[in-house]
Amino acid sequence: AAATLYRLLCGQNVYPSAPSVEQLFTRILQTEPAPLSSHRPDLHPELGAAVHRALNRSPEARHPDCLAFATALRPFAG
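If you're wondering where the values come from, they're calculated on a predicted model, not measured in any experiment.

Peer 1: I tried to follow the overall build of the chain on my own but got confused; where do I start?
Peer 2: The number of helices and strands found in the chain is 5 helices and 0 strands. Tracing the chain from N to C terminus, the helices and strands come up as α-α-α-α-α. Principal axes of the C-alpha set define a box for the chain whose edges measure 40 × 30 × 15 Å. In the chain, of all internal contacts separated by at least 6 residues, the share reaching a separation of at least 24 is 47%. As presented, the chain carries roughly 5,400 Å² of accessible surface, and 58% of it is formed by carbon and sulfur atoms. Seen as two clouds, the 7 positive and the 6 negative side-chain charges of the chain have centres 4 Å apart.

What counts, and where the lines are drawn
- Residues numbered from 1 in each chain as written.
- Predicted model: local features only at pLDDT ≥ 70, side-chain atom pairs only at ≥ 80, totals over all residues.
- Heavy atoms only, no water.
- Helix = DSSP H or I, 4+ residues; strand = E, 2+ residues; numbered from the N terminus.
- Contact = heavy atoms within 4.5 Å.
- Areas by Shrake-Rupley, 256 points an atom, 1.4 Å probe, with all protein chains shown as cover.
- Lys, Arg positive; Asp, Glu negative; His and termini not counted.
- Charge placed at Lys NZ, Arg CZ, Asp CG, Glu CD.

Without other data, these values stay purely geometric and don't point to any function.
Listed below in structure tokens is the structure:
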């Protein structure tokens, strides 16, 4: 859900495409996603923080469940 939201908000994939699947996996394992603000400086910083928390590699650092993620996003719903 977070990767899809990232793409919807800024028009970019979380990780740029790579020449091979192995190189894409290496990117995913070794690099952090670009902050949403680097693509969309107009977005509220807390929205970017909620999305990046959901993208964290460590499950313990992510939102505990989808409801918590939705709750973090609720203030930014139209």
